[in-house]
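# A look at the structure
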Amino acid sequence: MNSVKHPFEKMFYKALKSSTLEDNWVFKEASQLREKGYSEAEITTVLTKLQKSLIDDTEAQIVAEALEDFIEEL
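Quick notes on the rules
Residues numbered from 1 in each chain as written. Predicted model: local features only at pLDDT ≥ 70, side-chain atom pairs only at ≥ 80, totals over all residues. Heavy atoms only, no water. Salt bridge = Lys/Arg side-chain N within 4 Å of Asp/Glu carboxyl O. Buried < 20%, exposed > 50% of the residue type's maximum accessible area, 1.4 Å probe, protein only. Helix = DSSP H or I, 4+ residues; strand = E, 2+ residues; numbered from the N terminus. Contact = heavy atoms within 4.5 Å. Phe/Tyr/Trp six-rings, centres within 6.5 Å; stacked < 30°, edge-to-face > 60°. Lys NZ or Arg CZ within 6 Å of the ring centre and 35° of its normal.

## What about the pattern of salt bridges?
Inspection of the entire model under this criterion finds five salt bridges. A salt bridge links Glu9 to Lys5, with the shortest nitrogen-to-oxygen separation between them at 3.8 Å. A relative accessible area of 59% places Lys5 in the exposed class. The partner of Asp23 in a salt bridge is Lys28, with the nearest N and O atoms 2.6 Å apart. For Asp23, a relative accessible area of 30% corresponds to the partly exposed category. Here the salt bridges share partners, and the residues they tie into one network are Arg34, Glu40 and Glu73.

## Comments concerning the side chain of Arg34
Inspection of the secondary structure puts Arg34 in helix α2 (residues 25–35). Contacts of Arg34, omitting those with residues within four sequence positions, involve Glu40, Ile43, Phe70, Glu73 and Leu74.

## With respect to the environment of Lys14
Secondary-structure assignment places Lys14 in helix α1 (residues 7–18). Judged by relative accessible area, which is 65%, Lys14 ranks as exposed. Distance in space between the C-alpha atoms of Lys14 and Gly37 is 21 Å, their sequence separation being 23 residues.

## Digging into the packing of aromatic side chains
Counting across every chain of the model gives two aromatic pairs. An angle of 85° between the planes, with centres 5.1 Å apart, marks the rings of Phe8 and Tyr38 as edge-to-face. Here Phe8 is found in helix α1, whereas its partner Tyr38 is found in the loop between α2 and α3 (40–53), with 30 residues between them in sequence. With relative accessibility at 5%, the residue Phe8 sits in the buried group. Among the aromatic residues, those joined into a ring-pair cluster are Phe8, Phe12 and Tyr38. One Lys or Arg, Lys28, reaches over the ring of Trp25 and ends 4.2 Å from the middle of that ring.

This is how it looks when you write it as structure tokens:
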């Protein structure tokens, strides 16, 4: 198994720790990465992988909402 994490994963996880259901920093981080020119496919892939790896339901919901909002903006 590949133990090397994608650099975005660390960024999203840090944003997740500051997020609430009302104030989603994961979405803000994803939007900033897109503005910097990073691939939307790459961002959505990392968000999807992160969401599936989370055990905490609230954290998973925050990431799911960030992913949904990010895709809606495409």
